[in-house]
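Here is what each chain is made of, one letter per residue.
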Amino acid sequence: MLRTKASTLGLRSLDGDVRPAAVFLGIGLCAHGRASVGVPLDVLGSLVAAEQVRRAVGATELLVLLADQHAWDSGIRGLALSQIEAQWHSALSMLKSRFSALQVGSARALHGDS
């Protein structure tokens, strides 16, 4: 069961001028210094909850930020990191029809390190 009530109520209580334009969801690409293998199914639950919050507060975007900087800092680089990112971009692009406000970015691109 997904419970987004606390987040939704908190965001709805903000003044109209400071309501978020986007809901952010961060996704890790590694754990314990090892690269993720595949796209875990439980990410779908996180996406659904984030989308519910986005709709409830009237945000225009659901921004998924891939934590590639964390993977880089953990020693995962080059082709391995590129392949993981490509897997995630591919999987998330297939969900675009269900999550029309979905945008995917990466931490390293935000920092200008891509």
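What you see is a predicted model; the values in this text were computed from it and never measured. (Residues numbered from 1 in each chain as written. Predicted model: local features only at pLDDT ≥ 70, side-chain atom pairs only at ≥ 80, totals over all residues. Heavy atoms only, no water.)

## A closer look at the side chain of Glu 85
Line of reasoning, step 1. With respect to the helices, strands and loops of the structure, Glu 85 is situated in helix 4 (residues 78-94).
Line of reasoning, step 2. Nearest to the buried, unbridged Glu 85 among oppositely charged side chains is Arg 108, at 5.8 Å.
Line of reasoning, step 3. The contact partners of Glu 85, leaving out residues within four places of it in the chain, are Leu 29, Leu 66, Asp 68 and Ser 106. (Helix = DSSP H or I, 4+ residues; strand = E, 2+ residues; numbered from the N terminus. Buried < 20%, exposed > 50% of the residue type's maximum accessible area, 1.4 Å probe, protein only. Lys, Arg positive; Asp, Glu negative; His and termini not counted. Salt bridge = Lys/Arg side-chain N within 4 Å of Asp/Glu carboxyl O. Contact = heavy atoms within 4.5 Å.)

## Re the packing of helix 1 (residues 5-12) against helix 2 (residues 42-57)
Line of reasoning, step 1. Taken N-terminus to C-terminus, the directions of helix 1 and helix 2 make an angle of 30°; their axes are 9 Å apart at the nearest point. Between helix 1 and helix 2, the angle falls in the class roughly parallel. Viewed along their axes, helix 1 and helix 2 form a crossing whose handedness is right-handed. Across the interface between the two elements, Ser 7, Thr 8, Leu 11 and Arg 12 of helix 1 pack against Val 53, Ala 56 and Val 57 of helix 2.
Line of reasoning, step 2. Of the residues assigned to the contact of helix 1 with helix 2, the class counts are four nonpolar, two polar and one charged. (Axes fitted to C-alpha atoms, helices over the stretch in contact; angles between N-to-C directions. Parallel < 35°, antiparallel > 145°, perpendicular 65-115°, else oblique. Left-handed = near helix turned anticlockwise from the far one by under 90°. Nonpolar A, V, L, I, M, F, W, Y, C, P; charged D, E, K, R; others polar.)

## Looking at the pattern of salt bridges
Line of reasoning, step 1. The full count for this structure, using the stated rule, is two salt bridges.
Line of reasoning, step 2. With its nearest N and O atoms 2.8 Å apart, the salt bridge here joins Arg 54 to Glu 51. In this pair, Arg 54 and Glu 51 both sit in helix 2, three residues apart, roughly one turn of the helix.
Line of reasoning, step 3. The buried category is assigned to Arg 54, whose relative accessible area is 11%.
Line of reasoning, step 4. Overall, Glu 51 belongs to the buried group, its relative accessible area being 4%.
Line of reasoning, step 5. The partner of Glu 51 in a salt bridge is Arg 55, with the nearest N and O atoms 2.7 Å apart. Of the two residues, Glu 51 and Arg 55 both sit in helix 2, four residues apart, roughly one turn of that helix.
Line of reasoning, step 6. According to the relative accessible area criterion, Arg 55 is exposed, its value standing at 56%.
Line of reasoning, step 7. Put simply, Glu 51, Arg 54 and Arg 55 are held in one network by salt bridges that share partners.

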